[in-house]
Amino acid sequence: MDMGAITSAWVAGWTVSRGTPPAVAQPWGYRIDVGLPKHVLRHVLPAPDASSVGRLCAEITEPYTWLKVMAAPDAVAEWITPGWTVPDDPGFMMCKRLHPSGPGSRPPVPDGYTRTTETRDGVVRVRILAPDGTPAARGQIALTGGTAVADQIETDPRHRRRGLGAQVMHTLEAAAARAGAVTGVLSATTDGRGLYTSLGWRYEGPLTGIVRD
């Protein structure tokens, strides 16, 4: 998949995962009406440059509007205008071929932990609970046909280094493959990139978020 196809798949899956209206195609990419107090709109630019980013920055005045730009932070910082900031941890677009079964498709959880899996509205959600019943790790993957988008993968700091993040990912990947997805897509943080790389996810390109103050 080229970056345009990867971005299109990511946008489609992200809207399903977050329960927003479908993205609206624009000449420069996509607009998503997110509707949250500090994330009102999201504009995604698959092939950004100084002209397209600068024009959007000049036209958009609504606070808490985000641009998600498929470019490195140092380049984006030179394109934005006053009133916009780059607050995010750098993002990394990643992909993986999905398989419905295999030695890591559903490994056992550590002693005392429990795992639940549910599918609702096109989203598979996995949760792992600690022995005391509190949330230890979680994640979800949106099913969009041949692709699936992993999202909101989190492990509580008190339960890290026990393989729970890998547990969540293996379970999500296998569930998506059984549902017909052949390619997984996600946006990784700096902290998450190492985990995904160890699980066979491939880096495809940078992703930078900027927000209107």
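Residues numbered from 1 in each chain as written. Predicted model: local features only at pLDDT ≥ 70, side-chain atom pairs only at ≥ 80, totals over all residues. Heavy atoms only, no water.

Caption draft 1: Here's a closer look at the environment of Ala 9. Position of Ala 9 relative to the elements: it lies in helix α1 (residues 3-18). Residues Ala 9 and Gly 145 lie 136 residues apart in sequence; the distance between their C-alpha atoms is 9.7 Å. (Helix = DSSP H or I, 4+ residues; strand = E, 2+ residues; numbered from the N terminus.)

Caption draft 2: Up close: unusual backbone geometry. Here Gln 152, not a glycine, exhibits a phi torsion of approximately 55°, which is positive. The residue Gln 152 is located in strand β10 (residues 147-155) in this model. Classification of Gln 152 as partly exposed rests on a relative accessible area of 28%. Positive phi values are uncommon outside glycine, yet Arg 161 reaches one of about 65°. Its place among the elements puts Arg 161 in the loop between β10 and α4 (164-178). (Buried < 20%, exposed > 50% of the residue type's maximum accessible area, 1.4 Å probe, protein only.)

Caption draft 3: Quick peek at the pattern of salt bridges. All told, the structure shown has seven salt bridges when counted by the stated rule. In this structure, Glu 118 engages Arg 120 in a salt bridge whose closest nitrogen and oxygen atoms are separated by 3.1 Å. Look at Glu 118 and you get partly exposed, because its relative accessible area is 34%. Notably, a salt bridge pairs Arg 202 with Glu 204, separated by 2.6 Å at the nearest N-O pair. (Salt bridge = Lys/Arg side-chain N within 4 Å of Asp/Glu carboxyl O.)

Caption draft 4: Spotlight on the environment of Ala 148. Structurally, Ala 148 is set in strand β10. Here the alpha-carbon distance between Ala 148 and Gly 122, two residues 26 residues apart in the chain, equals 9.9 Å. Excluding residues within four positions of it along the chain, Ala 148 makes contact with Leu 98, Ile 141, Ala 142, Leu 143, Ala 176, Ala 181, Thr 183, Gly 184 and Val 185. (Contact = heavy atoms within 4.5 Å.)

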